[in-house]
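The residues making up each chain are set out below.
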Amino acid sequence: MDESGHGTRVFAEEALLGLIGPFWQVVIGTVVLVVLVLSVGRLARRGRSRMTTALLVTAAAIAGFAVIGVLLEG
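A brief structural summary. Note that the structure is predicted; figures quoted are calculated from it, not measured. (Residues numbered from 1 in each chain as written. Predicted model: local features only at pLDDT ≥ 70, side-chain atom pairs only at ≥ 80, totals over all residues. Heavy atoms only, no water.)

## Regarding the overall build of the chain
How we decide: Runs of E in the DSSP output that reach at least two residues are strands. Runs of H or I that reach at least four are helices, and both are numbered from the N terminus. Between buried and exposed lies partly exposed: a residue is buried under 20% and exposed over 50% of the maximum accessible area for its type, with that area taken using a 1.4 Å probe on protein chains only. Note that accessible areas follow from Shrake-Rupley with a 1.4 Å probe, and for residues the cover is restricted to the protein chains shown.
Within the chain one finds two helices and zero strands. For the chain, with 74 residues in total, the buried portion stands at 1%. For the chain, the accessible surface area stands at approximately 7000 Å², while carbon and sulfur atoms represent 70% of it.

## A look at a positive patch on the surface
Applied cut-off: Patch definition: residues with relative accessible area over 30% and no salt bridge; like charges joined within 9 Å; nonpolar side chains (Val, Leu, Ile, Met, Phe, Trp, Tyr) joined within 5 Å. What makes a salt bridge here is a side-chain nitrogen of Lys or Arg within 4 Å of a carboxyl oxygen of Asp or Glu, nothing more. Think of it this way: Lys and Arg go in the positive column, Asp and Glu in the negative one, and His and the chain ends go nowhere. Note that the charge is assigned to NZ on lysines, CZ on arginines, CG on aspartates and CD on glutamates.
Where like charges cluster on the molecular surface, the positive patch consists of Arg42, Arg45, Arg46 and Arg50. The element best represented in the positive patch is helix 1 (residues 12-46), accounting for three residues. Inspection of the secondary structure assignment puts arginine 46 in helix 1. Judged by its relative accessible area of 47%, arginine 46 is partly exposed.

## Observations concerning a nonpolar patch on the surface
Among the surface-exposed residues, Leu19, Ile20, Phe23, Trp24, Ile28 and Val32 lie close enough to one another that they form a single nonpolar patch of about 640 Å² accessible area. Along the chain, the position of tryptophan 24 falls in helix 1.

What is shown is where atoms sit, not what they do.
This is the structure:
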């Protein structure tokens, strides 16, 4: 059923942001991926103990973001 009846307003700004949104997500994801690859390379050159610490910190960050996401979801 079409919801664009009387009393419904469609804003061009919302449509534009809807089109731009996925593009910015791709840009941000690409930048994050590049930084991640560069940092993993640098950590690998620094040695095994630094890699272990980095993996533990990363695991804690992922768990923290997951908990925050679940709490803010509702």
